[in-house]
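# Survey of secondary and tertiary structure
Here is how the chains run, residue by residue.
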Amino acid sequence: MEIMKDSINAILDNIVNAVDYLEEDIIEQFEDIVIASKNVFVTGAGRSGLAAKAFAMRLMHLGISAYVVGETISPAIYEDDCIIAISGSGETNTIVSAAKIAKSRGAKVLAVTSYPESSLGQLADGYIFVKGRTKQEVDDENYMKRQIHGNYTSLTPLGTAFELTTLVFLDAIVSELMEKMQQTESDLKNRHAVLE
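Residues numbered from 1 in each chain as written. Predicted model: local features only at pLDDT ≥ 70, side-chain atom pairs only at ≥ 80, totals over all residues. Heavy atoms only, no water.

## Structural notes on the overall build of the chain
A count of helical and extended segments in the chain gives nine helices and five strands. Each helix and strand of the chain, placed in order from N terminus to C terminus, yields the pattern α-α-β-α-β-β-α-β-α-β-α-α-α-α. Expressed as a percentage of its 196 residues, the buried residues of the chain come to 43%. (Helix = DSSP H or I, 4+ residues; strand = E, 2+ residues; numbered from the N terminus. Buried < 20%, exposed > 50% of the residue type's maximum accessible area, 1.4 Å probe, protein only.)

## Quick notes on the nonpolar core
If you look at the biggest cluster of nonpolar residues, it comprises 28 residues, and the most contacted ones within it are Phe 30, Val 34, Val 40, Val 42, Phe 55, Leu 59 and Ile 84. Every element with two or more residues in this core is listed here: α2 (24-36), β1 (40-44), α3 (47-61), β2 (66-68), β3 (82-86), β4 (108-113) and α8 (160-180). Here this core gets seven residues from one element, more than from any other, and that element is α8. Non-local contacts of Val 42, meaning those with residues more than four positions away in its chain, are made with Ala 52, Lys 53, Phe 55, Ala 56, Tyr 67, Val 68, Val 69 and Ile 84. Ranked by size, the runner-up nonpolar core spans 15 residues in total, among them Ile 77, Ala 85, Ala 99 and Ala 111. (Core = buried A, V, L, I, M, F, W, Y, C linked by side-chain atoms within 4.5 Å. Contact = heavy atoms within 4.5 Å.)

## Concerning a negative patch on the surface
Together, Glu 23, Glu 24, Asp 25, Glu 176 and Glu 179 give the surface a local cluster of negative charge. The set of elements that each furnish at least two residues to the negative patch consists of α2 and α8. For Glu 176, the position within the fold is in helix α8. (Patch = residues over 30% accessible without salt bridge, like charges linked within 9 Å, V, L, I, M, F, W, Y side chains within 5 Å. Areas by Shrake-Rupley, 256 points an atom, 1.4 Å probe, with all protein chains shown as cover. Salt bridge = Lys/Arg side-chain N within 4 Å of Asp/Glu carboxyl O. Lys, Arg positive; Asp, Glu negative; His and termini not counted. Charge placed at Lys NZ, Arg CZ, Asp CG, Glu CD.)

## Quick look at the sheet that holds strand β5 (residues 126-129)
Ordered in space as β2-β1-β3-β4-β5, the five strands form an open sheet in which the pairing is parallel. The sheet is open, and its two borders are formed by β2 and β5, each paired with just one other strand. Ignoring strand direction, the axes of neighbouring strands in this sheet form an average angle of 20 degrees. Relative to β2, β1 is paired through three bridges, and the arrangement is parallel. Looking at the pairing, Val 42 lines up with Val 68 of β2. (Pairing = 2+ DSSP bridges. Axes fitted to C-alpha atoms, helices over the stretch in contact; angles between N-to-C directions.)

## Points about the pairing of β1
The buried fraction of β1 is high, at four of five residues. Crossover handedness for the path β1 to α3 to β2: right-handed. Alignment of β1 against β3, held across five bridges, turns out to be parallel. Each bridged residue has a counterpart across the sheet, and for Val 40 the counterpart in β3 is Cys 82. (Right-handed = clockwise from strand over helix to strand, strands pointing away.)

## A word on the side chain of Asn 39
By secondary structure assignment, the location of Asn 39 is in the loop between α2 and β1. Take Asn 39: its relative accessible area is 12%, and that puts it in the buried class. Side chain to side chain, Asn 39 and Ser 65 meet in a polar contact 2.6 Å long. Non-local contacts of Asn 39, meaning those with residues more than four positions away in its chain, are made with Ser 65, Tyr 67, Asp 80, Asp 81 and Cys 82. (Polar contact = N/O pair within 3.5 Å; in protein donor to acceptor, adjacent residues only side chain to side chain.)

## Focus: the packing of aromatic side chains
With the rule as written, the count across this model stands at three aromatic pairs. Taking the centre distance of 5.4 Å and the plane angle of 70 degrees together, the rings of Tyr 21 and Phe 129 count as edge-to-face. Linking Tyr 21 in the loop between α1 (2-17) and α2 with Phe 129 in strand β5, this pair joins segments that are 108 residues apart in sequence. According to the relative accessible area criterion, Tyr 21 is partly exposed, its value standing at 35%. When its relative accessible area of 23% is taken as the criterion, Phe 129 is described as partly exposed. Relative to Phe 169, the ring of Phe 30 has its centre 6.3 Å away and its plane inclined at 70 degrees; by these criteria the two rings are edge-to-face. Pair noted here: Phe 30 is in helix α2 and Phe 169 is in helix α8, with a separation of 139 residues, a long-range link. Across the pair, exposure class does not vary: Phe 30 and Phe 169 are buried alike. (Phe/Tyr/Trp six-rings, centres within 6.5 Å; stacked < 30°, edge-to-face > 60°.)

Now the structure itself:
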């Protein structure tokens, strides 16, 4: 039970401390690109993909045309669109490939990653740094040595801290977008009710 409590606290600490890494002008740029885009595409693999899908749903509630890359109803991406690519490592092949395709078609690329210097970060027109333990950290050649010496980098498995912090961060972005777009909670509820 103690490990579970420590894990919960580690996850919550990562989420709470995320605000220390957010830069206002970068967030503004991210939001402005989302609002200005004709269509917003989101992509992520595994649990990062679930965070992307949750964000796409909230964008749709705001009245923003949002699509999940790879879904059958997703149209082609064009230069007046943007893609939000989520990858803790910034090296996930499918995510980097989707960003490259979007970039080659003239669309804006926004990255959510723990590694801005990664392949994904290098492609991005803007990125949001979300701290979290990623698979890259686990694959580090010194990982086993640290574990043997009791130097645990995190009590959360794989990318949990990144994925959950990203989910919370993107929901917080929705709150800012609501204000910028002059949307109310009632507007979102009404739009959601119509779509059900």
